[in-house]
Amino acid sequence: MMEGPETWPPSAGEEPGGMELVGGCYEQILFGFALRPEENWTPVPDFTHHAHTASLSAVAVNNRYVVTGSRDETIQIYDMKKKIEHGALLHHNGTVTCLEFYGNAHLLSGAEDGLICIWDTKRWECLKAIKAHKGHVTSLSIHPSGKLALSVGTDKTLRTWNLVEGRSAFIKNLKQNAHIVKWSPSGENYVVVVTNKVDIYKLETASVSGTITTERRISSVRFITDSVLAVAGDDEVVRLYDCCSQKCLCEFKAHENRIKDVYSFEKKGLQVIVTASSDGYIKLWRLELDKIQATPALLCEVNTKARLTCLAVWQDTASEARKNPDKATTSSNVNEDEQPLVNTKKKVCWTDNSDKSAKGNRPEMPKRQKLESAQQEKKKKLQSSK
């Protein structure tokens, strides 16, 4: 394993704010590396935390929290401002397959139990548990407006959810099981991935406007801009495609083994692509959008010596907004947080009483002893099922 601090929390001496590169792996570890753009993007080992009792399957971030999902059926929460473990959410019965924040107020989780749970991140309450798919939920994505979400599952359906009303809005039958769905930044388009094929849909028509096909299975897609899509999978290459023409704009060998996840962000005008691979490396690449056909330059890399599964970059954008109030008024992140996921004016009751056989709609926020006991039960269940 990567050498560095062995336990959570991260280094207490770190100043608040900044950036943290986080990655999960099959070996149940969550890695944290402090990123310092002003110091040539050198990643500094911050923590290695034994986060779960089974492999990590998903990670998501917002301005304050990092959350991780796992085959142990739990969602773990980490407060990056206070640098403490914040508890666990134990609602799902099955591997947690996908996690996505909407601003700082809500988190959506999907799992192999077919449920999509909507969480209030202020009190960490489950506002609603939707029986979304007859099979597993494999992926979900929230529209930039916060009013819609898409999900795909192993029942060969693509489902659109009205998040204001908390109900199904549209169901599209697919020929095969899809394993990735993702909105574009503007919300005018979305993509659905089936094995090695990316179908690009227009929201206005809900029909396929183009298809991208690769030779190998796709494991991750990421919109760099509204029209540029990064695609990676069971080879060592990242490819950037034009969503309008479906032409490959650029491709580059990023790793020595298959790529498991791709992330991207913008920092001080710099567009950065982050890749994680089964070879153990996490790499940061500098992409010049005005020279899109040029191979991105490697900014930095770190060898975790683990089989990586998921990654994200946590940024303390709230602190940056306070430091730069002029920029805050134009920041999409800040504006996004002001848009509620739930329309409170309609007085919609989000408490779901339809599934009383589930574990309960309020999440467990246990003390350490209670959390460890719950995790032991999950571990025994996993072992008995093997």
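So, here is what we can say about the structure in this document. (Residues numbered from 1 in each chain as written. Predicted model: local features only at pLDDT ≥ 70, side-chain atom pairs only at ≥ 80, totals over all residues. Heavy atoms only, no water.)

## Here's the deal with the overall build of the protein chain
And step 1. Along the protein chain, the regular secondary structure elements total four helices and 28 strands.
And step 2. The burial tally for the protein chain puts 55% of its 386 residues in the buried class.
And step 3. The contacts of the protein chain with a sequence gap of at least 6 include a subset with a gap of at least 24, amounting to 47%.
And step 4. For the protein chain, the exposed area adds up to about 17,800 Å²; of that, 46% sits on carbon and sulfur atoms. (Helix = DSSP H or I, 4+ residues; strand = E, 2+ residues; numbered from the N terminus. Buried < 20%, exposed > 50% of the residue type's maximum accessible area, 1.4 Å probe, protein only. Contact = heavy atoms within 4.5 Å. Areas by Shrake-Rupley, 256 points an atom, 1.4 Å probe, with all protein chains shown as cover.)

## Some remarks on the sheet that holds strand β25 (residues 270-277)
Within a sheet, neighbouring strands are paired by backbone hydrogen bonds and run either parallel or antiparallel to one another.
And step 1. With antiparallel pairing, four strands are arranged side by side in an open sheet as β24-β25-β26-β27. The sheet terminates laterally at β24 (259-267) and β27 (297-303), the two strands that pair on one side only. Within this sheet the neighbouring strands show an average axis-to-axis angle of 20 degrees, counted without direction.
And step 2. When β25 meets strand β26 (residues 281-287), the two strands line up antiparallel, connected through six bridges. Of the residues in β26, the one forming a bridge with Ala-276 is Ile-282. (Pairing = 2+ DSSP bridges. Axes fitted to C-alpha atoms, helices over the stretch in contact; angles between N-to-C directions.)

## Comments concerning the pairing of strand β11 (residues 125-131)
And step 1. The buried count for β11 comes to six of seven residues, which makes it a mostly enclosed element.
And step 2. Pairing geometry for strand β10 (residues 115-120) and β11, over six bridges, is antiparallel. Of the residues in β11, the one forming a bridge with Leu-115 is Lys-131.

## What about the environment of Ser-151?
And step 1. Residue placement: Ser-151 occurs in strand β13 (residues 148-153).
And step 2. Here Ser-151 falls in the buried class, since its relative accessible area comes to 0%.
And step 3. Each C-alpha atom of the pair Ser-151 and Thr-138 lies 7.6 Å from the other, and the pair is 13 residues apart in sequence.
And step 4. Ignoring any residue separated from it by four or fewer positions in sequence, one finds Ser-151 in contact with Ile-116, His-133, Ser-139, Leu-140, Thr-157, Leu-158, Arg-159, Trp-161 and Val-181.
And step 5. Side chain to side chain, Ser-151 and His-133 meet in a polar contact 2.8 Å long. (Polar contact = N/O pair within 3.5 Å; in protein donor to acceptor, adjacent residues only side chain to side chain.)

## As for the packing of aromatic side chains
And step 1. Scanning all chains against the criterion turns up six aromatic pairs.
And step 2. With centroids separated by 5.2 Å and ring planes inclined at 80 degrees, the aromatic side chains of Tyr-65 and Trp-124 adopt a geometry described as edge-to-face. Remark: Trp-124 occurs in the loop between β10 and β11 and Tyr-65 occurs in strand β5 (residues 65-70); sequence separation between them is 59 residues.
And step 3. Note on Tyr-65: relative accessible area 9%, which makes it buried.
And step 4. Looking at Trp-124, the relative accessible area reads 2%, which means it is buried.
And step 5. Taken together, a centroid distance of 4.9 Å and an interplanar angle of 5 degrees make the contact between Tyr-190 and Tyr-201 stacked. With Tyr-190 in strand β17 (residues 189-194) and Tyr-201 in strand β18 (residues 197-202), this residue pair connects regions lying eleven residues apart in the sequence. Residues Tyr-190 and Tyr-201 agree in their burial class; the two are buried. (Phe/Tyr/Trp six-rings, centres within 6.5 Å; stacked < 30°, edge-to-face > 60°.)

## A closer look at the sheet that holds strand β4 (residues 56-61)
And step 1. Spatial ordering of the open sheet is given by β4-β5-β6-β7, a layout of four strands whose pairing is antiparallel. The open sheet terminates on both sides in strands that have one partner only, identified here as β4 and β7 (84-89). Across the sheet, the mean angle from the axis of one strand to that of its neighbour is 20 degrees, orientation sign disregarded.
And step 2. One ladder, built from five bridges, connects β5 with strand β6 (residues 75-79); its direction is antiparallel. Considered in β6, the bridge of Thr-68 is made with Gln-76.

## Regarding the side chain of Glu-73
And step 1. Take Glu-73: it is sitting in the loop between β5 and β6.
And step 2. Only 3.4 Å separates the side chain of Glu-73 from the backbone nitrogen of Gly-94, close enough to count as a polar contact.

## Re the side chain of His-92
And step 1. Among the structural elements, His-92 can be located in the loop between β7 and β8 (96-102).
And step 2. A distance of 2.8 Å separates the side chain of His-92 from the side chain of Ser-109, its partner in a polar contact.
And step 3. A polar contact of 3.1 Å, which involves the side chain of His-92, links it to the side chain of Asp-113.

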